[in-house]
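Architecture at a glance
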Amino acid sequence: MEPIDQVLQEISVAILCGGHGSRMRSNDQHKVCFPIDGVPAINRTIKMFRGLGAKKIFVVVGALASNVISTVGKEFPEVVFIYQHEQLGTGHAAQVAAAAIARLDCAGPLLITMGDKLIEPQVIREMAEQFVRARADMVFVTSPKKHKGLLSSAGRIVKDRSGAILGNMELRDIQRAQILESIAKLAGKPDREVPIEKAIEIGRRIIPDEKKLNNALWPLLEEWRSNGGMTGKKLLEKLGPKPGMIDLGGRKLTPDQVEKQSATVNSSVYLASRKFWDTFLPRLQNKNAQREFYLTDVINLAVADGKWKLAQHVLEDMTSVMAYNSPDELLRIEDIYRRKSIKSGVVEAAASEVRLPAGMYRPAAKWLEMFEEWPAALERQFVDIYGTEGIQSRRKLFVQALKLFISRMGGDRKCIIVRAPGRINLMGRHIDHRGGGINVMAIDRDVVFVAAPREDDVVRLMNADRKQFPDREFTLREALGDINWNDWLTYVNSDHVRNLISNSRGDWSNYVRASLVRLQQKFRTVRIHGFDAAVVGDIPRAAGLSSSSALVVASAEIAVMFNGLNVTPMELVDLCGEGEWFVGSRGGAGDHSAIRMSRRGQVSHVKFLPFRLTETYDFPADCKVIIAYSGYDARKSGGARDRFNQKVASYEFGLMLLKDRMPQYDRMLEQLRDLNPQRLGCTVSQIYRAMLNIPDSMSVAELRETLSDRHRQRLEVVLGSHQPPERYDLRGVVMFGVSECARSVLAPGLLSSGKLERFGELMAISHDGDRVSRHRRIADGRWRSTKYGYDCGEDSMLRRCDDLVSEDPDRVLGAQLYMQPGAYGCSIPQIDRMIDLVTDAPGVIGAQLGGAGLGGCIMILAHPSAVANVCDLLRREYYGPGKIEPLLHVCSPVAGAGAITM
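Residues numbered from 1 in each chain as written. Predicted model: local features only at pLDDT ≥ 70, side-chain atom pairs only at ≥ 80, totals over all residues. Heavy atoms only, no water.

Describing the environment of G760
We count it as follows: Only DSSP runs of H or I covering at least 4 residues are called helices, and only runs of E covering at least 2 are called strands; the numbering of each starts at the N terminus. Residue contacts are counted whenever heavy atoms from the two residues lie within 4.5 Å of one another.
Tracing the backbone through its elements, the reader meets G760 in helix α31 (residues 756-770). Residues G760 and H30, 730 residues apart in the sequence, show an inter-C-alpha distance of 56 Å. Those residues in contact with G760 that lie beyond four places of it in its chain are I845 and G846.

Written out as structure tokens, the structure is:
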């Protein structure tokens, strides 16, 4: 047997898995149990050591021990587990391991490493060979520091000019020395007070994390705070004669010198004799920036002792030992692993792994040939999607997308074609994110993607309208940052995302980023691959028809298909709704449900939180919907975003107040939709009286002072989603939401039973909830405008209570919950004027705001015979006088998003 093989069979292997791994952001899965290409990282490591002949393998567990034990035990029942009661650092874990292994009489060298690594077996063989041939007491693995990324935060191996090792210095201790060096310059005059805020500001520039900064500067900050300040003289006394100097190998070095004299970083794989470990593990101390026992300190102790032979095994390929601390680093490792496996022939290339039906995935030139020949089967598919009207205009849009793709990507490249339509919501505005219901239909305006898979995480987008929608390219890696794995809202509120969006505000590619990042966060152990796509569309932008949400849904569909993700349509809708929070809005998934789930000729009644498609019903045969654009954009990603989010915040704050002030309903009020007589078992009058617990408006200061402590954290999260106004409109907004939920429930029955006049009345009331002005024609034909407002005052609420018991049918009807407009106020005067212009036109059933508001379009429900006259009326009295290009679209319900299959 070769000496190397003998050493490998004799060694004991201790794999340290006791730490919390908090940056992985998982409460139930240990860091080492996250899979790399489908196999838990810890099991890959154990399998590697087994393959080299190692028989004595020990795993140190602590935090989430049961998860590690069950993950390892299923595949390797012979592995011995050692329990680390307290997680005091890698040095402490090694002490616990060495002591336990010694009691088991395991002779031979001991190899210690971490479970959050992917190590190639050749590295261990080369280490063992170096250990034997150099007769070293310890061999440890290092990687060149010039390779940045996966090991950028690892400990520095510092050498003197002769090449002799001075020791290992952790990055956090270097940063601490840099901070202390800068703080010393604040001392100034001996008797002058030094502001602690200045010291903290300096520290944050180097260590942004508050907890880590406090650890790094402990006990200095603690004493500074307890004394209520510190003079320059006292500060210098505390810092010592040479603040910021690092003692290493008997030499004093500045932080800059440490960095200059360290060409390699520690990869934390150690092979040493038992005598070495027995000598130095007991000497470890926790006098460092993180106040932990560092295993890396054994190097410093051995150098200081001067009697031990240490050898570095410097990696030529840094990817032969890779470690991860966060989800994005894990995904990078998986990506590198897959690429290396592809090169070695272990697996097929990612692009070849795309498994799609042949009828969905073919060369672009073949697709174009089919669309130009227009076979009967393709025509039937389009009739199934759109009906018989207007399918040739839809066909031209697809041909345009294919020609764009071929001109940029070539005709031989295989691709899929995915469409996503625009949408309108006939009833149920601004309530999907509060658990309310909506009544939606997709319309025959689309965004079309022709997309081909990639082997990396790059997404390349090209648009037929390059002036408005320039070519874009991005990587998922740059968007991810350090994702909070357990809380999507915290991630989208993070400075990382805010900076990313602020640097590309209004950019169309952000909506594609949104869906892919949300999917990556959902499927955290899979590296989502990107795609190249040609995109065309004819959904009017910023018209309130959800052109941006169509981009989100289409790109999500593509990512799911190309990456083989197991996502149901309902899950996809929720993920798309949350994904769009990435651009800054805080809406629900109503638009996305309409775009994805709609059926031709039907309206869908959808409820949320949880998502449920409760029923579909036929759109009235004797009706048409006219979409009329106001000429004023409604851009979620522009300045209107704060206004949208302020309204959402008003809902949240109103519900918090009710839960505090009406504790008897606390558990029943999960969402705003629950504020109704059926859920609470009360009368409509009691709902109005409950509304009086919500003030008309409140400032941020008043909210902070008034809300109970249990709402504090949520309050700050909500405030972080927008620029707060001077005062939040509360009661009017909540009243709108409660009454709109009631109107949404009534809508299916009215439309399916043909009670169109009654439905038209509800459309008018719903729009009044958004209305900001009233427009009436006066005698000489001119229009008079007045400001509009809904009275939500106490007297008005109590008057409605009186009306309900008045026995006057008109008063009782007018006091019903669904008859109250509330005051959401997201219309604009131009939209209100269009509504008032068409409402009394012959053949019009009803009209209201067509989207989320603050611009966009209106939707008009009318009999087919009235369509031409209504369009003429708008051209003559709105578009003409306003010098606005008419944009009118008459539509019927079409099928939801999906891929073309032939």
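This is not the end of the story, as more comes after the structure.
Describing the side chain of R395
To keep things clear, this is the line we draw: Within 3.5 Å is the distance limit for a polar contact, defined as a pair of N or O atoms, with the added protein rule that one can donate a hydrogen and the other accept it, and that residues adjacent in sequence qualify only through two side-chain atoms.
In this fold, R395 is placed in helix α17 (residues 391-409). A polar contact of 3.0 Å, which involves the side chain of R395, links it to the backbone oxygen of F371. Non-local contacts of R395, meaning those with residues more than four positions away in its chain, are made with F371, E372, W374 and F382.

Points about the packing of helix α21 (residues 509-522) against helix α22 (residues 547-563)
Working note: a packed helix pair is described by the angle between its axes plus the distance between those axes. Stated precisely, the cut-off is as follows: Angular values range over 0 to 180 degrees, each being the angle between N-to-C directions of two axes fitted as lines to C-alpha atoms, with helices fitted over their stretch in contact. We call two directions roughly parallel when the angle between them is under 35 degrees, roughly antiparallel when it is over 145, roughly perpendicular when it lies between 65 and 115, and oblique otherwise. Each crossing is labelled by how the near helix is turned from the far one, with a counterclockwise turn of less than a right angle marking it left-handed and a clockwise turn marking it right-handed. All amino acids are sorted into three groups, where Ala, Val, Leu, Ile, Met, Phe, Trp, Tyr, Cys and Pro are nonpolar, Asp, Glu, Lys and Arg are charged, and the leftover types, Gly among them, are polar.
In contact at an axis separation of 8 Å, α21 and α22 are set at 45° when each is read in the N-to-C sense. Accordingly, the angle class assigned to the pair α21 and α22 is oblique. Crossing hand, α21 versus α22: right-handed. Between α21, through Y511, V512, S515, L516 and L519, and α22, the contact on the second element is made entirely by S548, L551, V552, S555, A556, A559 and V560. Of the residues in the contact of α21 with α22, the class split is 9 nonpolar, 3 polar and no charged.

Re the packing of aromatic side chains
As a reminder, the rule being used: Aromatic contacts are taken between Phe, Tyr and Trp rings whose centres are within 6.5 Å, Trp giving its six-membered ring; a plane angle under 30 degrees counts as stacked, one over 60 as edge-to-face, and the others as tilted. Exposure classes here rest on a 1.4 Å probe applied to the protein chains alone. A residue is buried below 20% of its type maximum, exposed above 50%, and partly exposed in between.
Taken as a whole and assessed by the stated rule, the structure comprises 17 aromatic pairs. With 5.7 Å between their ring centres and 50° between their planes, F382 and Y386 make a pair best called tilted. Of this pair, F382 and Y386 both sit in helix α16 (residues 376-386), 4 residues apart, roughly one helical turn. We classify F382 as buried; its relative accessible area is 0%. We classify Y386 as buried; its relative accessible area is 7%.

Quick look at unusual backbone geometry
For residues that are not glycine, phi is negative in most cases, and the peptide bond is trans in most cases. The step from L609 to P610 runs through a cis peptide bond, and the omega angle for that step is 5°. Within the secondary structure layout, P610 lies in the loop between β22 (602-607) and β23 (612-618). Although it is not a glycine, H430 sits at a positive phi angle of roughly 65°. Summarising the element assignment, H430 is placed in the loop between β17 (414-427) and β18 (437-453). Exposure remark for H430: the relative accessible area of 10% places this residue in the buried category. Positive phi is not limited to glycine here, since L854 has a value of about 55°.

Here's the deal with the packing of helix α2 (residues 41-51) against helix α3 (residues 65-75)
Contact geometry of α2 with α3 gives a least axis separation of 10 Å together with a crossing angle of 40°. The pairing of α2 with α3 is recorded here as oblique in orientation. Once α2 is placed against α3, the crossing between them reads as right-handed. Between α2 and α3, the contacting residues are I42, N43 and I46 on the first element and T71, V72 and E75 on the second. Of the residues that constitute the contact of α2 with α3, the class distribution is 3 nonpolar, 2 polar and 1 charged.

Focus on the pairing of β17
What counts is decided by this rule: In short, DSSP must find at least two bridges between two strands for them to pair.
Of all 14 residues that make up β17, 13 are buried, and the element is covered over most of its length. Where strand β16 (residues 362-363) lies against β17, 2 bridges are found, and the strand directions are antiparallel. The partner of R362 across the bridge, within β17, is C415. Bridge analysis of β17 against β18 gives 11 bridges, and the strand direction is antiparallel. Residue pairing in the sheet places I424 in a bridge with M441 of β18. Two strands pair when backbone bridges link them, and β17 and strand β32 (residues 898-899) are joined in this way by 2 bridges, in the antiparallel orientation. Directly across from R419, in β32, lies its bridge partner G898.

Concerning the sheet that holds strand β31 (residues 888-891)
Note on sheets: strands pair through backbone hydrogen bonds, and any given pair is parallel or antiparallel. The strand order across the open sheet built from 4 strands is β29-β30-β24-β31, with neighbouring strands paired in antiparallel fashion. Of all strands in the sheet, those with a lone pairing partner are β29 (844-849) and β31, marking the two edges. The mean angle between the axes of side-by-side strands here comes to 20°, regardless of whether they run parallel or antiparallel. In this sheet, strand β30 (residues 857-862) lies alongside β29 in antiparallel orientation, the contact comprising 5 bridges. Residue pairing in the sheet places G846 in a bridge with L861 of β30. Helix-sheet contacts for α31 involve β29 and β30, and the interaxial angle to β29 is about 25°.

A short note on the pattern of salt bridges
Here is the rule: A pair is scored as a salt bridge if a Lys or Arg side-chain nitrogen falls within 4 Å of a carboxyl oxygen belonging to Asp or Glu.
According to the stated counting rule, one finds 44 salt bridges in the structure shown. R423 is the salt-bridge partner of D591, the closest N and O atoms lying 2.6 Å from each other. Residue D591 is found in helix α24 (residues 590-597), and its partner R423 is found in strand β17; the two are separated by 168 residues along the sequence. Comparing D591 with R423 shows no difference in burial state: the two are buried. With a shortest N-O distance of 3.4 Å, D660 and R710 are connected by a salt bridge. Of the two residues, D660 sits in helix α25 (residues 640-661) while R710 sits in the loop between α28 (700-706) and α29 (712-719), which places them 50 residues apart along the sequence. For R710, a relative accessible area of 45% translates into the label partly exposed. Several salt bridges converge on common partners, so that one network encompasses R413, R454, D456, R460 and D532.

Fair warning: the whole summary comes from geometry, so function is off the table for now.
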